[in-house]
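A structural walkthrough
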Amino acid sequence: MNIEAPIGVFDSGVGGLTVAREIMQQIPNERIVYFGDTARVPYGSKSKETIIKYSKQIIRFLQNEGVKAIVIACNTASAFALEEMRREFDIPIIGVINSGARAASYTTKNGKVGIIGTEGTINSGMYNEVLKGINPKLEVVTKACPLFVPLVEEGFVDDPITTEVVKRYLEELKDKDIDTLILGCTHYPLLRETIAKVMGPGVQLVNPAYETALELKNLLLNKNLANKKETEERSKMYKFYVSDAAKKFERFADSILPFEIPKTKQISVDE
Ligand code: DGL
């Protein structure tokens, strides 16, 4: 495998950019091919079978782009498809859930962890399973927050409407004495300040994106796949593909990445 080959990162749309952003910061030598499935977003309300089908199509596309490893930068796709994709493809693949759960397990002091995410992620029970696998004594409470994704996509990040919605969803978690809350959806780190304010200073927020980038870094080092070559210009290192609405994607990307992204190409992966 060519160590200068890129990392394939995919998500249902723009949210996975929060994971790509961490990878760019923590391992700046690595090239990235990002695919956002903007034609078929949201994944959070779709079935496991559908998400597995989409994930296979996207990984095939990324393999054709010559990637050396894949990051499933979507909590819902990690919950539903990671295990199956690892069986199906002969390439290192990581998701965001194991990393997020691990970070939460060493963040919590009182052993009570909250998880918020899409309906798919929460109903899959995957975070609970992984957390209990790490430490069976952990107490876990979960809450699906389906309105957070559209609010972020509409740009309502710092908005009284969003604060109201966050309060409404998180109210019931506030009585549960949790000291750690996993932001189990790619979009939620963008609501971090509001969520932190609502939950109060006694609750640590865990962003799985940070830990995922660290896991990727270790994986590349262990498998001798880390690119040692000096960083080039950003525009040459990163490629962005979407399945629809490239301009909207570019606008969103420019609002959360610290540089202007190269032109995003629209492609179809479902043939
Ligand atoms: N990327 C998805 C996740 O992290 C959120 C958006 C969606 O529902 O597709 O679960």
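Keep in mind that this is a model prediction, so the values were computed, not measured. (Residues numbered from 1 in each chain as written. Predicted model: local features only at pLDDT ≥ 70, side-chain atom pairs only at ≥ 80, totals over all residues. Heavy atoms only, no water.)

Scanning the protein chain from N- to C-terminus turns up twelve helices and ten strands. By principal-axis analysis of the C-alpha atoms, the protein chain measures approximately 50 × 40 × 35 Å. The buried share of the protein chain, reckoned over its 271 residues, is 58%. Counted over contacts in the protein chain with a minimum sequence separation of 6, partners at least 24 positions apart contribute 76%. (Helix = DSSP H or I, 4+ residues; strand = E, 2+ residues; numbered from the N terminus. Buried < 20%, exposed > 50% of the residue type's maximum accessible area, 1.4 Å probe, protein only. Contact = heavy atoms within 4.5 Å.)

With that out of the way, let us pick up the state of the cysteines. One pass over the structure, following the stated rule, counts zero disulfides. Cysteine 185 supplies the cysteine sulfur nearest to cysteine 74, a cysteine that is in no disulfide, at a spacing of 7.4 Å. For cysteine 74, a relative accessible area of 4% gives the class buried. (Disulfide = S-S within 2.5 Å.)

With that out of the way, let us pick up the nonpolar core. Membership of the largest hydrophobic core comes to 58 residues, with the highest contact counts inside it found for Leu17, Ile116, Phe148, Leu170 and Ile195. Apart from the residues within four sequence positions on either side, leucine 17 is in contact with Tyr34, Phe240, Phe249, Phe252, Ala253, Ile256 and Leu257. Core analysis: the next-biggest nonpolar cluster, separate from the first, contains 25 residues, Val33, Phe61, Cys74 and Ala77 among them. (Core = buried A, V, L, I, M, F, W, Y, C linked by side-chain atoms within 4.5 Å.)

Glancing now at the sheet that holds strand 4 (residues 93–94). With parallel pairing, six strands are arranged side by side in an open sheet as 4-3-1-2-9-10. Either end of the sheet is taken by a strand with one partner, and the two such strands are strand 4 and strand 10 (265–266). Here strand 9 (residues 238–242) pairs with strand 10 via two bridges, running parallel. Looking across to strand 10, one finds that valine 242 is bridged to glutamine 266. (Pairing = 2+ DSSP bridges.)

Now for the side chain of histidine 187. As for its placement among the helices and strands, histidine 187 is situated in the loop between strand 7 (180–184) and helix 9 (192–199). A polar contact of 3.1 Å, which involves the side chain of histidine 187, links it to the side chain of threonine 186. (Polar contact = N/O pair within 3.5 Å; in protein donor to acceptor, adjacent residues only side chain to side chain.)

Bringing unusual backbone geometry into the picture now. Of note, the bond from valine 41 into proline 42 is cis; its omega dihedral lies within 30 degrees of zero at 5°. Of note, proline 42 is situated in the loop between strand 2 (32–36) and helix 2 (48–64). Despite not being glycine, aspartate 177 shows a phi value in the positive range, around 65°.

Relative to the elements of secondary structure, lysine 143 occurs in strand 6 (residues 139–144). When the C-alpha atoms of lysine 143 and valine 41 are compared, they prove to be 21 Å apart, with 102 residues separating the residues in sequence. Those residues in contact with lysine 143 that lie beyond four places of it in its chain are Ile115, Ile116, Gly117, Ile122, Tyr169, Glu172 and Leu173. Within the local environment of lysine 143, its side chain forms a polar contact with the side chain of glutamate 172, the two groups lying 3.2 Å apart.

Note that every value here comes from positions in space, so none of it alone points to a role or purpose.
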